[in-house]
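# Structural overview
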Amino acid sequence: MKKLLILLFALLLISFKGIYAQNFEKVKIKPAGETAAKVDTVTFASGCFWCIEAKFSQLKGVQKVTSGYTGGYVKNPTYEQVSSGTTGHAEAANIIYDPSVISYDELLEAFFLSHDPTQLNRQGNDVGTQYRSAIFYHNAYQRERAEYYIDQLTEQHIYSNAIVTEVKPFTTFYDAERYHQEYYKKNPYREYCRYVIQPELEKFKKIFKNKLK
C-alpha cells in the first residue's frame, strides 16, 4: 500500500508539473544582467534536499550542489533535529554555478518548475516547516530578481493558488551529514528514490533538455 501511495503521488506530481511547464512557456519575464563573478552561489529550499541536489546537479554551469540546513536558529543541527520541525531550519541546497554558462534567472526558472511553490510547509507527502519553499538570497541582486520573478508569475496567473515561497536573507548554511550528499546517485534503488525522485528528475530533464550537462 505504501509503495502504491508513493507511486500515485509521483504520477500526480508529474502531471502537475507538465501543466505548469506549458504555462511557463507563455511567461514574459524581462531578463537582467548577471554579476561579473566567475562563480556565484544560490541557496534554494523546495522540499527534500535529495530532490534538489539530484535535479540541479544536472544543469550546465552548476559546479557543485551541497545538501544542508539553513534559515533556522539551532547551531550545527543534525538531520534528526531538523526533521523534528523544531529548529526553524529548512532542508536546502547551496548551488555553486558559473554565471557565464547559466544565469540566476535560469536557476530561478528551474527552482519554480522543480516543485510546487504554492504548497505551504510541505511538498507532497513531506510535511513540515523543514520542507518549505524558500529562496535565501546572498545579495540585493538575488533578492530583487527573486521578488520580481514571483511578482510576474503572480500577475500572469501561472498558478491557481498563491505562491508561498519565502524570500529571506542568507545567514548560515550547515552542510548535511555525509550520507545525504549525492544521495540519489548513491542510492538509486531506494524506494523514495525510485518512486519520487526518479520520475521528478526525468520530468526535469525533459523540461531543461537543452541545459543539461
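One structure accompanies this document, and this report is about it. All values derive from a computational prediction rather than experimental measurement.

### Considering the side chain of glutamine 130
- Locating glutamine 130 in the fold gives a position in the loop between strand 5 (126-127) and strand 6 (133-137).
- For glutamine 130, a relative accessible area of 4% translates into the label buried.
- Polar contacts involving the side chain of glutamine 130 include one to the main-chain carbonyl oxygen of serine 83, which spans 3.0 Å.
- Among residues more than four places away in sequence, those in contact with glutamine 130 are Val82, Ser83, Gly85, His89, Ala90 and Glu91.

### Details of helix 4 (residues 104-113)
- Counting buried positions over the 10 residues of helix 4 gives eight, a clear majority of the element.
- Within helix 4, the full set of buried residues consists of Tyr104, Asp105, Leu107, Leu108, Ala110, Phe111, Phe112 and Leu113.

### Observations regarding the environment of isoleucine 52
- Tracing the backbone through its elements, the reader meets isoleucine 52 in helix 2 (residues 49-56).
- Remark: the alpha-carbon pair of isoleucine 52 and glutamate 91, spanning 39 residues in sequence, is separated by 9.4 Å.
- When near neighbours in sequence (up to four residues on either side) are disregarded, isoleucine 52 contacts Phe44, Ala45, Ser46, Gly47, Glu91, Ala92 and Ala93.

### Some remarks on the packing of aromatic side chains
- The final tally for this structure, using the stated rule, is 11 aromatic pairs.
- The interplanar angle of 5° and the centroid separation of 3.7 Å between the aromatic rings of tryptophan 50 and tyrosine 183 together place this pair among those described as stacked. Linking tryptophan 50 in helix 2 with tyrosine 183 in helix 6 (residues 183-186), this pair joins segments that are 133 residues apart in sequence.
- One aromatic cluster is present, formed by Phe44, Phe56, Phe111, Phe112, Tyr149, Phe204 and Phe208 through successive ring pairs.

Conventions and cut-offs
- Throughout, a residue's number is its position along its own chain's written sequence, starting from 1.
- Two thresholds apply to this predicted model, a pLDDT of at least 70 for residue-level local features and 80 or more for giving and counting side-chain atom pairs, whereas whole-chain, interface and lining totals are computed over all residues.
- Hydrogens and waters are ignored; side-chain quantities use all the structure's heavy atoms.
- Labels follow the DSSP assignment, with helices taken as runs of H or I lasting at least four residues and strands as runs of E lasting at least two, numbered in each case from the N terminus.
- Relative accessible area decides the class of each residue, using a 1.4 Å probe on protein chains only: under 20% of the type maximum gives buried, over 50% gives exposed, and in between gives partly exposed.
- Counted as a polar contact is a pair of N or O atoms within 3.5 Å, where, for protein atoms, one must be capable of donating a hydrogen and the other of accepting one, and residues adjacent in sequence contribute only when both atoms are in side chains.
- Here, two residues are considered to be in contact whenever any of their heavy atoms come within 4.5 Å of each other.
- Pairing of aromatic rings covers Phe, Tyr and Trp, the last counted by its six-membered ring, and requires centre-to-centre distances within 6.5 Å; plane angles under 30 degrees mean stacked, over 60 mean edge-to-face, and any other angle means tilted.

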